[in-house]
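# A look at the structure
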Amino acid sequence: MGSGERVTFKNPVVSWIDERLPVFSLMHKEYRAFPTPKNFNYLWNFGAIASVMLILMIVTGIVLAMHYTPHADMAFGSVEHIMRDVNWGWMLRYLHMNGAAFFFVAVYIHMFRGMYYGSYKKPRELLWILGVVIFLLMMATAFMGYTLPWSQMGGWAATVITNLFSAVPIFGDDIVSLLWGGFSVDNPTLNRFFSLHYVLPFVIFAVVFLHVWALHVSGSNNPLGIEPKGPQDTLPFHPYYTMKDTFGLAVFLLLYVVVTFWFPNIFAHPDHFVEYNPLQTPPHIVPEWYFLPFYAILRAITFDIAIPFGNVLFLIAALGATLYAYFSAGRVRKFLWLCIVADIFALALLSFSPHFVLEAKLGGVIAMFGSVGLLVLLPWLDTHPVRSARFRPRYRFFLWLFVIATIVLGYVGAQLPEGIWVKLGQLCTAYYFGFFLVILPWLSRTEKALPLPKSISDAVLKGVVVLFAVISFSTPVLAEGGEHSHEAQHVESQEWSFRGPFGTYDREALRRGYTVYQNVCSACHSMNLVSYRNLSDLGYSPEQVKAIAAEYSVMDGPDDEGEMFERPALPRDPFTNPYPNRKAAIYANNGSYPPDMSLLAKARHGGADYIYGLLTGYGDAPHGKDLMQGQYWNAVMTGNVIAMAPPLSEGMVSYEDGSPETLDQYARDVSHFLTWAAEPHMEARKYTGVKVFIFLLVFAIVMYGVKKKTWADVH
Amino acid sequence: MSTANQTDDGETRRDFLHLTAGALGAVGVGVFAWPFIDSLNPAADTLAMSTIEVDLSPVEEGESITVVWRGKPVFIRHRTPKEIESAQKIAVADLRDSEADQDRVQKAQWLIMVGICTHLGCVPLGQRKTEPKGDFGGWFCPCHGSHYDISGRIRKGPAPKNLAVPQYNFIDDTTVRIG
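Residues numbered from 1 in each chain as written. Chains lettered and ligands numbered in written order. Predicted model: local features only at pLDDT ≥ 70, side-chain atom pairs only at ≥ 80, totals over all residues. Heavy atoms only, no water.

## Topic: the pattern of salt bridges
Residues and elements named next belong to chain A. Convention followed: By definition, a salt bridge exists where a carboxyl oxygen of Asp or Glu is found within 4 Å of a side-chain nitrogen of Lys or Arg. In this description a helix means any DSSP run of H or I spanning at least four residues, a strand means any run of E spanning at least two, and both kinds are numbered starting from the N terminus. Buried residues are those whose accessible area, probed at 1.4 Å on protein chains only, stays under 20% of the maximum for their type, while exposed residues exceed 50% and partly exposed ones sit between those limits.
All chains considered together, the criterion is met by 28 salt bridges over all chains. Notably, a salt bridge pairs arginine 512 with aspartate 657, separated by 2.7 Å at the nearest N-O pair. Of this pair, arginine 512 sits in helix α18 (residues 507-519) while aspartate 657 sits in the loop between β9 (641-642) and α22 (663-678); the two residues are 145 residues apart in sequence, bridging distant segments of the chain. The exposure class assigned to arginine 512 is buried, which follows from its relative accessible area of 11%. Exposure remark for aspartate 657: the relative accessible area of 39% places this residue in the partly exposed category. The shortest N-O distance in the salt bridge between arginine 512 and aspartate 669 comes to 2.7 Å. Here the residue arginine 512 occupies a position in helix α18, and aspartate 669 occupies one in helix α22, the gap between them amounting to 157 residues. Across the pair, exposure class does not vary: arginine 512 and aspartate 669 are buried alike. Residues participating in the shared-partner salt-bridge network are Lys121, Asp382, Arg392 and Glu447.

## Details of the confidence of the model for chain A
Residues and elements named next belong to chain A. To keep things clear, this is the line we draw: Note on scores: pLDDT gives the predictor's confidence for each residue, bounded by 0 and 100. Throughout, a residue-residue contact means that at least one pair of heavy atoms, one from each residue, lies within 4.5 Å.
Residues with a pLDDT of 70 or more make up 92% of chain A, whose mean pLDDT is 89. Low pLDDT (under 50) marks residues 458-462, which in the prediction has eight contacts with non-local residues, meaning those over four places away or in another chain. Here residues 481-487 is modelled with pLDDT under 50, and outside its nearest four sequence neighbours on either side it reaches 14 contacts, counting other chains as well.

## Looking at the nonpolar core
Quick note on the threshold: We call a set of buried Ala, Val, Leu, Ile, Met, Phe, Trp, Tyr and Cys residues a nonpolar core when their side-chain atoms join them within 4.5 Å.
Residues Met53, Phe104, Met115, Phe135, Tyr395, Phe435 and Phe436 of chain A are the most contacted members of the largest nonpolar core, which totals 143 residues. Looking at which element gives the most residues to this core, the answer is helix α5 (residues 89-116) of chain A, with 18 residues.

## Quick notes on the environment of phenylalanine 261 of chain A
Residue and element names in this part refer to chain A. Structurally, the position occupied by phenylalanine 261 is in helix α10 (residues 237-262). Exposure remark for phenylalanine 261: the relative accessible area of 3% places this residue in the buried category. Between the C-alpha atom of phenylalanine 261 and that of tyrosine 31, which follows or precedes it by 230 residues, the distance is 33 Å. With near-sequence residues (within four places) excluded, phenylalanine 261 lies in contact with Trp90, Met91, Arg685, Lys686, Thr688, Gly689 and Val692.

## So, the packing of helix α6 (residues 125-147) of chain A against helix α7 (residues 152-163) of chain A
All names here are of chain A. Counted only if it meets this: Angles run from 0 to 180 degrees between N-to-C directions of axes, and those axes are lines fitted to C-alpha atoms, restricted for helices to the stretch in contact. Any angle that is under 35 degrees is reported as roughly parallel, and any over 145 degrees as roughly antiparallel; angles of 65 to 115 degrees are reported as roughly perpendicular and all others as oblique.
Axis separation between α6 and α7 bottoms out at 7 Å; the angle between their running directions is 135 degrees. The orientation of α6 relative to α7 falls into the category oblique. Contacts from Phe143, Tyr146 and Thr147 of α6 reach α7 at Met153, Gly154, Ala157, Ala158 and Ile161.

## What to know about the domain arrangement of chain A
Residues and elements named next belong to chain A. Convention followed: As annotated, the domain borders come from an automatic or database domain assignment. Note on terms: buried area is the combined drop in 1.4 Å-probe accessible area of two parts once they are placed together, counting the loss on both. N or O atoms closer than or at 3.5 Å make up a polar contact, with two conditions inside protein: a donor-capable atom paired with an acceptor-capable one, and, for residues adjacent in sequence, both atoms drawn from side chains. Residues are grouped as follows: Ala, Val, Leu, Ile, Met, Phe, Trp, Tyr, Cys and Pro are nonpolar; Asp, Glu, Lys and Arg are charged; every other residue, Gly included, is polar.
Per the domain assignment, the segments of chain A are domain 1 (1-30), domain 2 (34-304 + 359-485) and domain 3 (507-530 + 577-680). The distance between the C-alpha centroids of domain 1 and domain 2 comes to 37 Å. Contacts between the two partners involve four residues from domain 1 and, on the opposite side, four residues from domain 2. Between domain 1 and domain 2 lies a buried interface of about 320 Å² when both sides are counted; carbon and sulfur atoms form 53% of it. The interface formed by domain 1 and domain 2 holds zero salt bridges in total. Our count for the contact surface shared by domain 1 and domain 2 stands at two residue pairs in polar contact (both at pLDDT 80 or more). A per-class count over the side of domain 1 that touches domain 2 returns one nonpolar, one polar and two charged.

## Re helix α8 (residues 172-180) of chain A
Residue and element names in this part refer to chain A. Operational definition: For this quantity, the arc is that covered by the directions from the helix axis to the C-beta atoms.
Considered for burial, the residues of α8 that qualify are Gly172, Val176 and Trp180. The buried residues of α8 occupy an angular sector of 65 degrees when the element is viewed end-on, so they sit on one face. Exposed residues lying more than 90 degrees from the buried face of α8 are Asp174 and Leu178. Contact partners of the buried residues in α8: α7 and α9 (187-218). Backbone geometry just downstream of α8 places glycine 181 in the positive-phi region, at approximately 65 degrees.

## Focus: the state of the cysteines
Let me state the cut-off plainly: The rule for a disulfide is simple: a pair of cysteine sulfur atoms within 2.5 Å.
Applying the stated criterion across every chain, the model contains one disulfide over all chains. Two residues share a disulfide in this structure: cysteine 122 of chain B and cysteine 143 of chain B, whose sulfurs sit 2.1 Å from each other. The sign of the S-S torsion, about -100 degrees, decides the handedness of the disulfide formed by cysteine 122 of chain B and cysteine 143 of chain B: left-handed. Here cysteine 122 of chain B, found in the loop between β4 (110-114) and β5 (137-141), pairs with cysteine 143 of chain B, found in the loop between β5 and β6 (146-149); they are 21 residues apart in sequence, far enough to count as distant. Overall, the relative accessible area of 39% leaves cysteine 143 of chain B in the partly exposed class. Distance from the sulfur of cysteine 524 of chain A, which forms no disulfide, to the nearest cysteine sulfur (cysteine 521 of chain A) is 9.2 Å. Unpaired in this structure, cysteine 141 of chain B has its nearest cysteine sulfur neighbour in cysteine 117 of chain B, at a distance of 3.8 Å.

## Some words on unusual backbone geometry
Working note: non-glycine residues mostly have negative phi, and peptide bonds are mostly trans. All names here are of chain A. Cis rather than trans, the peptide bond between lysine 122 and proline 123 has omega equal to 10 degrees. You can see proline 123 is positioned in the loop between α5 and α6. Residues histidine 238 and proline 239 are joined by a peptide bond in cis, for which omega reads 5 degrees. By the secondary structure assignment, proline 239 is in helix α10. Although it is not a glycine, tryptophan 150 sits at a positive phi angle of roughly 55 degrees. In this fold, tryptophan 150 is placed in the loop between α6 and α7. Given a relative accessible area of 3%, tryptophan 150 falls into the buried group. The backbone phi angle of asparagine 640 is positive, close to 65 degrees, even though this residue is not glycine. Inspection of the secondary structure assignment puts asparagine 640 in the loop between β8 (632-634) and β9.

## Details of the domain arrangement of chain B
Partitioning chain B into domains gives domain 1 (4-38) and domain 2 (47-178). Of note, the centres of domain 1 of chain B and domain 2 of chain B, computed from C-alpha atoms alone, are 54 Å apart.

## Some thoughts on the packing of helix α3 (residues 46-65) of chain A against α10 of chain A
Residues and elements named next belong to chain A. To be explicit about the condition: Helix crossings are classified by the rotation of the near helix relative to the far one: an anticlockwise turn of less than a right angle makes the crossing left-handed, while a clockwise turn makes it right-handed.
Contact pair α3 / α10: the axes reach a minimum separation of 9 Å and the direction vectors enclose 55 degrees. Here α3 is positioned oblique relative to α10, judged by the angle of their axes. Every pair of crossing elements has a handedness; the one defined by α3 and α10 is right-handed. Contacts between α3 and α10 involve Phe46, Ala48, Ile49, Val52, Met53 and Leu56 from the former and Asp245, Gly248, Leu249, Phe252, Leu253 and Tyr256 from the latter. Classifying every residue of the contact of α3 with α10 by side-chain character gives 10 nonpolar, one polar and one charged.

## Concerning the interface of chain A and chain B
Taken together, the contact between chain A and chain B spans 32 residues of the former and 29 residues of the latter. Both sides together, the interface formed by chain A and chain B hides about 2,500 Å², and carbon and sulfur atoms give 69% of it. The largest contributions to the chain A side of the interface with chain B come from Asn87, Arg572 and Lys709 of chain A, which together make up 23% of the buried area. Counting the contacts that link chain A with chain B gives zero salt bridges. Within the residue set of the side of chain A that touches chain B, elements represented by two or more residues are α3, α5, α10 and α23 (682-711) of chain A. For the side of chain A that touches chain B, the residue count by class is 18 nonpolar, seven polar and seven charged.

## Regarding the environment of leucine 127 of chain A
Secondary-structure assignment places leucine 127 of chain A in helix α6. Distance in space between the C-alpha atoms of leucine 127 of chain A and asparagine 191 of chain A is 34 Å, their sequence separation being 64 residues.

## Let's talk about the pairing of strand β9 (residues 175-178) of chain B
Residues and elements named next belong to chain B. Threshold: Between any two strands, pairing holds if DSSP finds at least two bridges.
Relative to β9, strand β1 (residues 52-55) runs antiparallel, the two being bridged by four bridges. When the bridges of β9 are listed, isoleucine 52 appears paired with isoleucine 178. For strand β8 (residues 168-172) and β9, the ladder comprises four bridges, and the chain directions are antiparallel. Residue pairing across strands places tyrosine 168 opposite isoleucine 178, the latter belonging to β9. The antiparallel hairpin formed by β8 and β9 contains two residues in its connecting segment.

The structure is reproduced here in structure tokens:
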């Protein structure tokens, strides 16, 4: 690296350092003078955008790790501690959570760019493979990060994904218990996932360095896919592409900010807000949207794949490979082939049954890993001499079909594996593999490309905006996809003051809602994540908060004599629990656990609408529907059967502000209150969002001006 | 570098645009850093724990208790009239950190202070009857040999300041709220 020519610098300090360690020469060569094709379109922004997202993820992640506790008993609570108590914690977490999604958006567009313009072809094969390695590391990191909040979704995703390895013949179960560090997903699993989730991003950073290094050896590809013929075809990286990348980044960040500050949970499933319970699987496990296509491929293999006379076939293959090894030239090549022979021979021994069957479970796992693994082979599957799809109409057609198939797979992955979705998933999976294994090699031989231009001409923006729009709009659709599939009952949407981009909580409604909770709900439902001190947010004075807290008593101690004692609750104490523990709560409620209400509004589809609908949805069971004792009919509850007796009735709670003391008003107020309890910093979030959005908008506009000025003499 | 050569004279509009963009970027990054730094400050639940109430009624004259406040030991000593007298008669001007005993207590019999040596943060000895109390009958820090008197003032050794007096107030005769 230091062997290159040095640049002379005017600044004596810079010059002194550069003579001893030529970092400034390196930066000058690679990021200033670096000759870059002058015809990039905006798709070439996404490499820089992805690097910025990686750094943002690392920075937010390091700070979040300072507040997080990787212990099975405390992880869920510590994440809520970040969301509620840590200064700006809600913002850092939402930036991190949604940053992962936007990191994948940038990387998927970056990968599409590579495929569309043939950036993986000679001499950039290794550059492409390093990119696939980054992608794999990202998938591993994102998956483990998904587990850390120790929610129902995270814990069960960890269970399902680690169980993939149980499909490995013979060693499967041992591998899985090695991954878990026990007999189920538990504290040891969480600890190692946290450790790996922390370290892998730095590994990604290192591979990104290699990726960029390889890029700077071969130089960038460009929309025409032909190599620059000389200086007239290139521009120095700075200021042309630094300015263009910064402008593109600002636009990308605007989208990211809108999601983070106004729809922060759009990618999150309600089961993210329920603590992990190893005894109860949620009805529908979905991975994050960016894994859905691969998840759909996993589920597409619903059948055993029978290989007749598998062992015979393997033996024949082994024999053939041995002969090939014998006649091939070179010791290394002979050795490699003999290794393959040994593998095939081992498989033959393993499959010593007349009909070797590849079970559906293993088949699905192989298909899923294979779908990513194929990307590594891409430079050798597509050997067509022309790079850019612009001059390969047939390749372009099949590539767009591939993009559509992948998006459809993503949608299928979010649905319950039933009916048409299974068939559609199988169809798209077949196309996915067919594209790589049949269509690409076939096109490589037969496709006649359009005539290539002699040298690089001006860039054309066409189509890029469309693609960006497709991807950025299809992701929320994928995220929403899971919600439609098992929405039990229709929940009517209500008017709420906290709706909309500038919506706020209604303090009076919150105080009334708290009164209802205090007098009715709190008899059975705990609210462990809310403390009396938080009530000051509802407009209570410090004295009122103290008085409210003092009505309750908490167990404290031990005192100087080692005895536990009861004392009046203080503002700093969490809401007192109606039952000493979970089992007591279940026992007192005929076997049903009254869920903790702190996060209820986020842990149910429909949020406040759902809670309101449930509280007002009691009625008589229709004919033919028998209810057991202790069961009630409810229009909104899944399956219409609920174990909670109708909790509210007219006039049971008295309001001080003269609001109507009706069931409807109670239900409305308590839903309002529970929404606040689940998301206490919503107002700060929107308010901060407005400031960040305006700033970025101004910055983007100014950067657009800078970019235009910079490029004025090129166009 | 074809553009760099031209900027020396004229082209103020481009310069202005560049400066605006640079300033916006720098300010943006600077402001963005604040939430990260502020998140390291004490969180709301930590701040909520920052006051405690102590019942003094069981502490006999001549006894000391240690309570935990904000993760630190707080020494509370029920001083005898003799101790009060000896603390008050010291010539304040001679002390390294001149402070009259009256300025260090709200009620003369109750001395309340943070039990952390002002030298390098060790916990001085002297709370228990069996522990060494130093040359001035108060507290003695074993780490580097600082001696404190019965008012918690530094009298000998490397510590620069008297033991700190936290903010507190008496809710009634026998209950004190610290913090």
